[in-house]
Amino acid sequence: MIQAFAFYLFSAIVVLSAVLTISARNPVHSVLWLIVAFFNAAGLMLILGAEFIAMLLVIVYVGAVAVLFLFVVMMLDIDFAEARQGFTRYLPFGLLIAAILIAEVLIATQAWHAGPIVLANRTGITPAAMPNTEALGALLYTKYLYLVEAAGLVLLVALIGAVVLTHRARGGVKPQNISRQVQRRPQDAVRIVKDQPVGAGVEL
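J.: Give me the lowdown on the confidence of the model for the protein, citing residues and values where you can.
T.: Of all residues in the protein, 81% have pLDDT values of 70 or greater, and the mean over the chain is 79. Element-level pLDDT for the protein is lowest in helix α4 (residues 80-83), with a mean of 64, against a maximum mean of 89 in helix α7 (residues 145-166).

Next comes the structure, spelled out in structure tokens:
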């Protein structure tokens, strides 16, 4: 009874926060509602026994992605009124994508109710004593090891590309020469004038 109540509570908050994420006029409020949706989705994952997915939602999505969105929205000077002007133009395409996603969810639901999927090369079910985090790690780093390494290489290439784009050569910028600053003598930077007459001012 308590699990059913928690499930429907978290589900209702997730749906409500998702709608508010889309409909909020202030982009900062949209990101905050997105964080609420992530937290409640993590609660749903805990109810289902997938504590690893719940931890990923809190640490990765809330702690990194959503906070990054929040800082980007707050730091960039974006004219959101101008960005919203194309809403009606892209509305039919958005409704088409929404219809496709709803159809996929319905098909997946009907397939799930049809019965369990039995694979021909399935060796056995994960033992109940093994936590799902341990089972997922054992599966990723044995059967899908090459795919995990390929995903790591893709992320590495993306990281190198971001660094290269950030440190590209820019015109009109005066670079800093550390060696010239270190080699500069005090006599080259300061000129001492003795017996300066009163009221004559300062020589530049």
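J.: Which residues make up the packing of helix α2 (residues 27-47) against helix α3 (residues 51-75), and what are the values?
T.: Between α2 and α3, whose axes approach to 8 Å, the crossing angle comes to 175°. Classified by the interaxial angle, the pair formed by α2 and α3 is roughly antiparallel. Facing Pro27, Val28, Val31, Leu34, Ile35, Phe38, Phe39, Ala41, Ala42, Met45 and Leu46 of α2, the residues of α3 in contact are Glu51, Ile53, Ala54, Leu57, Val58, Tyr61, Val62, Ala66, Phe69, Leu70, Val73 and Met74. Grouping the constituent residues of the contact of α2 with α3 by class yields 22 nonpolar, no polar and one charged.

J.: Give a description of a nonpolar patch on the surface that names residues and reports values.
T.: Judged by side-chain polarity, Phe39, Ile53, Met55, Leu56, Val58, Ile59, Val60 and Tyr61 come together as a nonpolar surface patch covering roughly 650 Å² of accessible area. Tallying contributions element by element places α3 first for the nonpolar patch, with seven residues. Counting through the fold element by element, isoleucine 59 comes out in helix α3. Of the residues examined, isoleucine 59 reaches a relative accessible area of 53% and is grouped as exposed.

J.: Can you explain the nonpolar core? Please cite residues and give values.
T.: Core analysis: the biggest nonpolar cluster contains eight residues, these being Ile35, Phe38, Ala41, Ala42, Ala54, Leu57, Val62 and Ala66. For this core, the secondary-structure elements that each account for two or more residues are α2 and α3. Those residues within four positions of isoleucine 35 in sequence are excluded, and the remaining contacts are Val62 and Ala66.

The rules behind the values
- Residues numbered from 1 in each chain as written.
- Predicted model: local features only at pLDDT ≥ 70, side-chain atom pairs only at ≥ 80, totals over all residues.
- Heavy atoms only, no water.
- pLDDT = per-residue confidence, 0-100.
- Helix = DSSP H or I, 4+ residues; strand = E, 2+ residues; numbered from the N terminus.
- Axes fitted to C-alpha atoms, helices over the stretch in contact; angles between N-to-C directions.
- Parallel < 35°, antiparallel > 145°, perpendicular 65-115°, else oblique.
- Contact = heavy atoms within 4.5 Å.
- Nonpolar A, V, L, I, M, F, W, Y, C, P; charged D, E, K, R; others polar.
- Patch = residues over 30% accessible without salt bridge, like charges linked within 9 Å, V, L, I, M, F, W, Y side chains within 5 Å.
- Areas by Shrake-Rupley, 256 points an atom, 1.4 Å probe, with all protein chains shown as cover.
- Salt bridge = Lys/Arg side-chain N within 4 Å of Asp/Glu carboxyl O.
- Buried < 20%, exposed > 50% of the residue type's maximum accessible area, 1.4 Å probe, protein only.
- Core = buried A, V, L, I, M, F, W, Y, C linked by side-chain atoms within 4.5 Å.

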